[in-house]
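Spelled out, the chains give:
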Amino acid sequence: MALLVASDVALTTIICTYIFTFLAVLSLLVHGSVRLKKFSGFLLEDYLTFAAFMIALGLVGQITWAVIDEGQGQHMSDVSRSQFELTAKSLLANEALWALVNTFIRLSALTMFWKIFNATATARYFSAVLMCCSIMYGIAALLTAALICRPIQAAWDNQVQGTCGNQTAAYVALEVIGLVIDMAILALPFQPIMGLSMRSVTKSLILLAFSAGAFVIIITGFRIAALHRVNASDFTYDQGYLGLLSTLGALVSIICCCAVSFYTIGCHWYERLKGRNFGFFKISRCLTFLAQADFLPFTTSKSDSPDA
């Protein structure tokens, strides 16, 4: 992205944003159909994911407006003073919405893990601890956006008499804390799954289903680097790259929350084709585990298992 010219940054932001918005909508439709077939309704973690998606739509709208009307993604020499002030406001909105999306996504994932690994005391304990950490992180991020400058108008208007903290340092610190929480959530299923009496390949497939959030961790790493790049000399251009990563991270996290439902669809097709000798369908043990965790509407019989 660093090699793209300013207009390309803006165009890439718009294209990627709406492609991934479509993929997120499609993922939610698949996820919702699986839930309705299995439970005839939605669970708490589903409502948390839906809430995250609604906030993500707000982020998509904010980024779209910033690119089209505020000059985000353009060099400062090409934007007016009024556009610069609007872009500075966008940074506050961007960080607040990003934090809210991540908070709801983390709570959704942890609620799901709490139910799946309820029999493991350690997993229950760490799920509860990480839930509390996620809520406190969300509150801290919102307070930082609101109080980093006093009055808040000083964040975008140099003519306002006020004081501001180091916004870059504050937002980078929050991102690092969020990254640590995400890595802890990603590691949470490892111990209970590795303790199952299954083949290593089967355990790896199960872990793969719960490791989709690794993509969000990668994007968060890029966001930390992007925050370091934001500077007063070319703020509007740097903010364009940061906005792109924000929308991608938010939408990809929603897609990742629906990952288990994709395994449901795979299990459904396995049931329809189980009489055929396809090596791919040796993942049935993995799918059976997920079904026993009440996440799949279809189960495979023990005789169908490749390890039976």
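One can find the structure itself at the top, above this paragraph.
The model shown is predicted, which means the values in this text are computed figures rather than measured ones.

Reading the values: the criteria
- Residues numbered from 1 in each chain as written.
- Predicted model: local features only at pLDDT ≥ 70, side-chain atom pairs only at ≥ 80, totals over all residues.
- Heavy atoms only, no water.
- Salt bridge = Lys/Arg side-chain N within 4 Å of Asp/Glu carboxyl O.
- Helix = DSSP H or I, 4+ residues; strand = E, 2+ residues; numbered from the N terminus.
- Buried < 20%, exposed > 50% of the residue type's maximum accessible area, 1.4 Å probe, protein only.
- Phe/Tyr/Trp six-rings, centres within 6.5 Å; stacked < 30°, edge-to-face > 60°.
- Lys NZ or Arg CZ within 6 Å of the ring centre and 35° of its normal.
- Core = buried A, V, L, I, M, F, W, Y, C linked by side-chain atoms within 4.5 Å.
- Contact = heavy atoms within 4.5 Å.
- Disulfide = S-S within 2.5 Å.

*Asks:* What should I look at first to understand the pattern of salt bridges in this one?
*Replies:* Oppositely charged side chains can form a pair if their charged atoms are brought close together. As enumerated under the stated definition, the model contains 6 salt bridges in all. Of the charged contacts, one joins Arg223 and Glu95 as a salt bridge, the two residues approaching to 2.8 Å between their closest N and O atoms. Of this pair, Arg223 sits in helix H8 (residues 214-229) while Glu95 is found in helix H3 (residues 81-116), placing the two residues 128 residues apart along the sequence. A residue is classified by how much of its surface remains accessible, and Glu95, at 5% relative accessible area, is buried. Close ionic contact of Asp182 with Arg106 constitutes a salt bridge, the shortest N to O distance being 2.7 Å. Pair noted here: Asp182 is in helix H5 (residues 167-187) and Arg106 is in helix H3, with a separation of 76 residues, a long-range link. Here the two residues Asp182 and Arg106 agree in accessibility, since each one is buried. Residues joined by salt bridges that share partners form a network here, namely Arg35, Glu45, Asp46 and Lys115.

*Asks:* Got a minute to help me understand the packing of aromatic side chains in this structure?
*Replies:* The geometry of an aromatic ring pair comes down to the distance between the two centres and the angle between the two planes. Summed over all chains, the structure comprises 4 aromatic pairs. With 5.1 Å between their ring centres and 90 degrees between their planes, Phe42 and Phe50 make a pair best called edge-to-face. With a relative accessible area of 23%, Phe50 lands in the partly exposed category. Three or more aromatic residues joined by ring pairs make a cluster, and in this case those are Phe42, Tyr47 and Phe50. Above the plane of the ring of Trp98 lies Arg223, whose end atom (NZ or CZ) is 4.4 Å from the centre.

*Asks:* Honestly, the nonpolar core in this entry has me stumped. Any pointers?
*Replies:* When a protein is soluble and globular, its nonpolar side chains tend to lie buried together. Formed by 38 residues in total, the largest nonpolar core has its most connected members in Phe113, Tyr171, Ile185 and Phe210. Among the elements that line this core, the one with the most residues is H3, at 8 residues. When sequence neighbours within four positions are dropped, the list of residues in contact with Ile185 reads Arg106, Ala109, Leu110, Phe113 and Leu130. Core analysis: the next-biggest nonpolar cluster, separate from the first, contains 19 residues, Leu28, Ile63, Ala250 and Ile255 among them.

*Asks:* Any chance you could explain the state of the cysteines here in plain terms?
*Replies:* Here is the idea: a disulfide is a covalent bond, and it sits between the sulfur atoms of two cysteines. Scanning the entire structure with this criterion turns up 1 disulfide. Each disulfide pairs two cysteine sulfurs, and for Cys149 the partner residue is Cys164, the sulfurs being separated by 1.9 Å. Taking the sign of the torsion about the S-S bond as the criterion, the disulfide between Cys149 and Cys164, at about 120 degrees, is right-handed. Of the two residues, Cys149 is situated in strand E1 (residues 149-150) and Cys164 in strand E2 (residues 163-164); the sequence distance between them amounts to 15 residues. Owing to a relative accessible area of 2%, Cys149 belongs among the buried residues under this scheme. Among the residues examined, Cys164 registers a relative accessible area of 39% and is labelled partly exposed. We note that Cys132 lacks a disulfide partner, and the nearest cysteine sulfur, in Cys133, lies 6.9 Å from it.

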